[in-house]
Amino acid sequence: MGGFGRYLAAALAARIASEGMGIAVVLLALERTGSAAYGAFVLTAWLAPHVLAAPLAGAAAARSRRPRLFHACALAGFAAAVAALTALLGRAPVPLVLAVAVLGGSCGPMVTGGLSSLVTGLVPAGPGRDRAYGWDAATYNAAAVTAPAAVALVAALGSAGPAMAVLAATGALAAVLAATLPYGDQGAGPAPDAPRAGLGAGLAALWRVRELRAVTSATTLAFVGIGSLTTVSVLLAAELGSPGGGGVLMTAFAVGALGGSLTLGRITSVEPGRLVRWALAGTGAALAAAVLAPSLAVTAALFVVAGVCDGPLLTATLRIRSEYAPDGVRTQVFTLGAGLKLTAASAGAALVGIAADAPAAALLTGIAGLLLAAALLHALAVPRGPGQPAAARTGSTAPAGPAALTGPSEGSATTAAGRRTPEGP
């Protein structure tokens, strides 16, 4: 198995472990304590550190002289926390359980954006790297489809404890695979004499580089809606006369997203910013149409369409981060972007919880409106006209300052010849 093939295996294993935690923690808490609320508190402790740990994890990864060891240790810490929660939840004092969840959640940014930042060092610049990001995005969607189903199946055949143990083993497999990745030849890790980027450098890049600012603000707004979609799907299915149909709708969305990432997400001839706007607008339009659907079957079909439209969004986002993140803060940009999206999704889930008494159709309309607003926000925030390569930055090891945060990063697919157009290479 080649380096990128091992990366995909590691990413899929890590993201299955991450995606499965949401249902596994609640099931285990319910089984051992009879309280789903306890599981929700543990899950909150698991998710809460993501946005705070993102800049720290990104900066530590960027400064690491041995990136293979750093990523493997981060994934091993993630797996160890899952294993510890398997043993402690419902049996140990609550503060200890919550502390373990916080520590494990602090490794979360390396499972999402941190791993994705490695693609730049594993695949040479060009259309091949863009396609690689399509495969990377597919691991998120594949995990979203398979992880909840696998946890539910193992729990049904035995108990939630073995289901959590499977997630821990999957995380450990990801750590072992990450330890074998070939980083050395692609410039992973800082040069010995390179200045170190500060903790705020990634956030500065997200703000100063207009392409990064546009995609980050748009996707963060969109994920306020996406984060509430699961709850709204349950409410919508109940209103349609199928109380258990919420899982069907979310499975339809996840399957559509997987298909979209493997097909539309692999289109490298379309400028990624344009793909972001199409994806957001298409997802919003499909969900808006689902508001008027007369039955669960029609609603599920429209959720599939919405998922297909959503599929290329992550691929395009990863391409933009790779192309425009300054070399010294690339991992920070990836981890911060992922942390902000996850925080926005958590906020969306909390908001819909507060408004759960409203009609489900109204809530789904609100989600569609957020996605359409995100598409408009990106269109307004993105720079006018094609970006130009920053030739002066090629081969530079200067720290990320205002002058260094204006163009594509060294080694990106656009550095040599400017941004691609649909007619260009």
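It should be emphasised that the depicted structure is a prediction, and the values quoted were computed from it without experimental measurement. Within each chain, residue numbers correspond to sequence positions counted from 1 in written order. Side-chain atom pairs in this predicted model are given and counted only at pLDDT of 80 or more, local residue features only at pLDDT of at least 70, and totals for whole chains, interfaces and linings cover all residues. Working from all heavy atoms in the structure, the side-chain values ignore hydrogens and water.

Undergrad: Explain the nonpolar core residue by residue, including any values.
TA: To form a nonpolar core, buried Ala, Val, Leu, Ile, Met, Phe, Trp, Tyr and Cys residues must be joined to one another through side-chain atoms within 4.5 Å. Three labels apply to residues, based on accessible area from a 1.4 Å probe with only protein chains included: buried if under 20% of the type maximum, exposed if over 50%, partly exposed otherwise in between. Counting residues in hydrophobic clusters, the biggest one holds 52 residues, and the most contacted among them are Leu212, Leu280, Leu287, Phe303 and Leu364. For the purposes of this entry, the term helix denotes a DSSP run of H or I that reaches at least four residues, the term strand denotes a run of E that reaches at least two, and both are numbered from the N terminus. Residue assignment for this core shows that the elements contributing at least two residues are helix 10 (201–208), helix 11 (210–226), helix 12 (229–239), helix 13 (246–262), helix 14 (272–290), helix 15 (296–324), helix 16 (330–354) and helix 17 (360–381). Of the residues forming this core, the biggest block, nine residues, is contributed by helix 15. Any pair of residues with heavy atoms lying within 4.5 Å of one another is described as a contacting pair. Dropping the residues within four chain positions of it, Leu212 is found in contact with Ala205, Leu206, Ile320, Arg321, Tyr324, Ala325 and Val333. Counting 50 residues, the second largest nonpolar core, distinct from the first, contains Ala11, Ala17, Ala101 and Leu118.

Undergrad: Please set out helix 4 (residues 67–88) residue by residue, giving values where relevant.
TA: Taking 1.5 Å per residue, 22 residues should reach 32 Å; helix 4 reaches 31 Å between its end C-alpha atoms and fits that length. Along helix 4, the positions that sit buried rather than exposed are Pro67, His71, Ala72, Ala74, Leu75, Phe78, Ala79, Ala81, Val82, Leu85 and Thr86. Within two residues after helix 4, Gly90 carries a phi angle of roughly 85°, on the positive side. Residue count minus one, scaled by 1.5 Å, sets the expected span of a helix.

Undergrad: Would you mind going over the packing of helix 8 (residues 127–157) against helix 9 (residues 160–178) in detail, with residue names and values included?
TA: Here an angle of 0 to 180 degrees is reported between the N-to-C directions of two axes, which are lines fitted to C-alpha atoms, with helices fitted over the stretch in contact. Close contact between helix 8 and helix 9 brings their axes to 7 Å; oriented N to C, the two are set at 140°. Judged on the interaxial angle alone, helix 9 and helix 8 are oblique. Here helix 8 runs over helix 9; the crossing is right-handed. Residues Val151, Val154 and Ala155 of helix 8 touch helix 9, and the partners they reach there are Ala160, Pro162, Ala163 and Leu167. Three classes are used, and their members are as follows: Ala, Val, Leu, Ile, Met, Phe, Trp, Tyr, Cys and Pro are nonpolar, Asp, Glu, Lys and Arg are charged, and the others, Gly among them, are polar. In terms of residue class, the contact of helix 8 with helix 9 is built from seven nonpolar, no polar and no charged. Geometric relationships in this document are graded by angle, where less than 35 degrees denotes roughly parallel, more than 145 denotes roughly antiparallel, 65 to 115 denotes roughly perpendicular, and other angles denote oblique. A clockwise turn of the near helix away from the far one marks a right-handed crossing, whereas an anticlockwise turn of less than a right angle marks a left-handed crossing.

Undergrad: So what's going on with the packing of aromatic side chains? Which residues, and what values?
TA: In this scheme Phe, Tyr and Trp rings, the latter by its six-membered ring, pair at centre separations within 6.5 Å, and the angle between planes marks the pair as stacked below 30 degrees, edge-to-face above 60, and tilted otherwise. Applying the stated criterion across every chain, the model contains three aromatic pairs. Aromatic pair Phe4 and Tyr7: ring centres 5.8 Å apart, planes at 15°, arrangement stacked. Pair noted here: Phe4 and Tyr7 are both in helix 1 (residues 3–33), with a separation of three residues, about one helical turn. Accessibility assignment for this pair places Phe4 and Tyr7 in one class, buried.

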